[in-house]
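This is what each chain is made of:
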Amino acid sequence: MNDFRKIIFLFCSCITVSTSGFSGVRINRHYDFARQQQSKLQSVAVPISELEKDLTPAERSVTSVVRSCGPAVAYVTSVVSGPTTNSNKKNKSLPPGRSLGSGSGFQVSTDGYVCTNYHVIERAYTAQQTLSNLNKLLDQIAGNATKIFPESIVDSVQSNIKNALNNNTDQSNELFATVYVRINSDTKYEKCRIVDVMPDLDLAVLKKIVVEEDDDSSSSTSSPTTDDKGTVSFGSSSNLLVGQSVVAIGNPFGLDKTVTTGVVSAVNREFRAGTARTPANTPIRNCIQTDAAINPGNSGGPLLNLKGEVVGINTAIITTSGSNAGIGFAVPADQLKPVMDDIIRTDRVAKGERKDRGYLGISVLKQTVGGGDESTSSSTARMMINAITSVDPGSPAEQAGLMPIKVQPNGSVEYGDCIVAVSGNEVSSLQELQSELDSRVSGEQISLTVQDSSTGEKRVVYVTLGEQRR
């Protein structure tokens, strides 16, 4: 009887194994079929033109801006050593540590310079400055102490104090504040150094660095990074019209790659860029008011025209609830760009990445005489664009024979030269002239095409730019 039961048990076991094996084959076949179908679906690429064919021209303009500028927008955050905050715990991709705030930014050069608002990284900047000031103070104290105590003892005490500061993990002393950025076209956070700030314009310029791990040791070295993931360029904010369409891209409430649209609600607004920590006394003038949705986290992101040019940096809102109420403000690009360019240029010179900007030694008329009236018979009134008003003594401009406007003792005006081209590149405005000269370095020889404001005669002079006078 027992043998019969064993035979029945073995028979049932064989059937079960065979059935399960057969089912496994069927399941695997279905799985393989599903994967084949999925791969076929993934390989289908739909052209953008096909997706946009049913969109209105206005919608296509917005989607074009998002495609071209979106990849260069950044998520900016700063942390300090200590227990990870709740927001960072929820998002494992965020850098570990206690959050000091976050916002938006955008990449302005392929070598990793990023613009954002000062108030986005204010706490990190303050912490870093505090540590830097403490180290300077220690150096001063040590220098004075060597007059009383042996130098070896002073150096030992100073070294121990600095090591204690640099290893401090007390949460109340934000001494290990680090700024990170993640460009929208990337998936990882990269460390940044704060190049410089301009609180009165609520501007901060960051520079991405890459940490290269040494295979033979745990040490790491920092070096400049080159990024070809996209940049955005600046346009003119002075040409904006009320009612003109604008696009804001940023990370409100941590929701990255968020796009909102609106119009220029008003121009030439004025507000102060101060915060509760560092109130600003200087108001920012000519600010752009927009109804494009701007919320906490949008700060530092670009406000773009439909050409994809940055016309402002989103910086503040007026609200009673803490969220968007349709009244947002952006710092105008025309005020930001010269400051940003100067910060980046100075940093590159300091790091030895380029020579200093060349020195020509002239002042130029900001506005044309006669209002640019083409109907006037006076050639002087028509040809005063980029007119030279003064030439520095002993400058390269004086050596090249450039002539400024002169007022004679009898009150008559002797008109001088106007610059119409730099190294063959025509310059029809002061902005274009500044852009051309800013790109030239000391020691570089350039050609200037100048026009006599009185006679209209043109000539070419060659100038070797000097070093900037400090």
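Residues numbered from 1 in each chain as written. Predicted model: local features only at pLDDT ≥ 70, side-chain atom pairs only at ≥ 80, totals over all residues. Heavy atoms only, no water.

(A) Structural context of the pattern of salt bridges. Per the counting criterion, the structure on display carries 12 salt bridges. Where Asp 342 meets Arg 345, a salt bridge forms, and the shortest distance between an N and an O atom there is 3.4 Å. Placement of both Asp 342 and Arg 345 in helix H7 (residues 333–350) is noted, with a separation of three residues, approximately one turn of the helix. The exposure class assigned to Asp 342 is partly exposed, which follows from its relative accessible area of 35%. Taking the relative accessible area as the measure of exposure, Arg 345 reaches 10% and is therefore buried. (Salt bridge = Lys/Arg side-chain N within 4 Å of Asp/Glu carboxyl O. Helix = DSSP H or I, 4+ residues; strand = E, 2+ residues; numbered from the N terminus. Buried < 20%, exposed > 50% of the residue type's maximum accessible area, 1.4 Å probe, protein only.)

(B) Structural detail: a nonpolar patch on the surface. Together, Val 46, Ile 48 and Leu 51 give the surface a local cluster of nonpolar side chains, amounting to about 270 Å² of exposed area. Within the secondary structure, Val 46 is located in the loop between helix H1 (2–42) and helix H2 (48–51). (Patch = residues over 30% accessible without salt bridge, like charges linked within 9 Å, V, L, I, M, F, W, Y side chains within 5 Å. Areas by Shrake-Rupley, 256 points an atom, 1.4 Å probe, with all protein chains shown as cover.)

(C) Broad picture of the confidence of the model for the chain. Looking at the chain as a whole, the pLDDT averages 79, with 73% of positions reaching at least 70. In this model, residues 214–226 is a region of pLDDT below 50 whose contacts with residues beyond four sequence positions or in other chains number 28 contacts. Segment residues 370–379 is flagged for pLDDT under 50; beyond a separation of four residues in sequence, or across chains, it makes nine contacts in the model. (pLDDT = per-residue confidence, 0-100. Contact = heavy atoms within 4.5 Å.)

(D) Representation of the pairing of strand S13 (residues 309–317) within the structure. Across two bridges, the pairing between strand S8 (residues 233–234) and S13 is parallel. Across the sheet, the residue bridging to Phe 234 is Val 310, located in S13. Pairing analysis gives three bridges linking strand S12 (residues 302–304) to S13, with the strands arranged antiparallel. Within the sheet, the bridge partner assigned to Pro 302 lies in S13 and is Ile 313. Here S12 hands over to S13 after four residues, with Gly 308 in that stretch at a positive phi of 85°. (Pairing = 2+ DSSP bridges.)

(E) Broad picture of the sheet that holds strand S20 (residues 425–426). Across the sheet, which stays open at both edges, the four strands sit in the order S20-S19-S21-S22 with antiparallel pairing between neighbours. Each edge of the open sheet is held by one strand with a lone partner, namely S20 and strand S22 (458–464). With five bridges connecting them, strand S19 (residues 417–422) and strand S21 (residues 445–452) associate as antiparallel partners. Along S21, the bridge assignment pairs Cys 418 with Gln 451. With respect to the sheet, helix H10 (residues 430–438) is in contact with S19, S20 and S21, its orientation differing from that of S19 by roughly 60°. (Axes fitted to C-alpha atoms, helices over the stretch in contact; angles between N-to-C directions.)

(F) Spatial organisation of the nonpolar core. In this structure, Phe 106, Val 108, Cys 115, Leu 203, Val 205, Phe 234 and Met 340 are the most contacted members of the largest nonpolar core, which totals 30 residues. Contributing elements (two or more residues each) for this core: helix H3 (57–69), strand S3 (113–116), strand S6 (203–213), strand S9 (245–250), strand S11 (283–290), S13, strand S14 (328–332) and H7. The residues touching Val 108, leaving out its near neighbours within four places in the chain, are Tyr 113, Cys 115, Thr 231, Val 232, Phe 234, Met 340 and Ile 344. (Core = buried A, V, L, I, M, F, W, Y, C linked by side-chain atoms within 4.5 Å.)

(G) Fine view of the packing of aromatic side chains. Counted under the stated rule, the structure contains four aromatic pairs. Aromatic side chains Tyr 75 and Tyr 189 sit 6.1 Å apart centroid to centroid with 80° between the ring planes, which places their arrangement in the edge-to-face category. One end of the pair, Tyr 75, is in strand S1 (residues 73–80); the other, Tyr 189, is in the loop between strand S4 (178–183) and strand S5 (190–198), with 114 residues separating them in the sequence. Across this residue pair, the class does not change: Tyr 75 and Tyr 189 are buried. Considering the side-chain rings of Phe 271 and Phe 329, the 5.5 Å spacing of their centres and the 40° angle between planes classify their relative orientation as tilted. Within this pair, whereas Phe 271 is found in strand S10 (residues 258–272), its partner Phe 329 is found in strand S14, the two being separated by 58 residues in sequence. Across the pair, exposure class does not vary: Phe 271 and Phe 329 are buried alike. (Phe/Tyr/Trp six-rings, centres within 6.5 Å; stacked < 30°, edge-to-face > 60°.)

(H) Region of interest: unusual backbone geometry. Phi is positive for Asn 268, close to 60°, though the residue is something other than glycine. Among the structural elements, Asn 268 can be located in strand S10. Non-glycine residue Asn 286 carries a positive phi angle of around 60°. With respect to the element layout, Asn 286 can be found in strand S11. Take Asn 286: its relative accessible area is 41%, and that puts it in the partly exposed class.

(I) Layout of the environment of Asn 286. In the structure, Asn 286 is positioned 19 residues away from Val 267 in sequence and 6.3 Å away in space, judged by C-alpha atoms. In this structure, Asn 286 is in contact with Asn 268, Arg 269, Pro 332 and Gln 335, ignoring residues within four places of it in sequence.

(J) Spotlight on the environment of Leu 203. Inspection of the secondary structure puts Leu 203 in strand S6. Among the residues examined, Leu 203 registers a relative accessible area of 0% and is labelled buried. Through-space distance from the C-alpha of Leu 203 to that of Val 331 is 8.9 Å; in sequence the pair is 128 residues apart. Those residues in contact with Leu 203, other than ones at most four positions away along the chain, are Cys 115, Thr 116, Tyr 118, Val 197, Met 198, Ile 313, Leu 336, Val 339 and Met 340.

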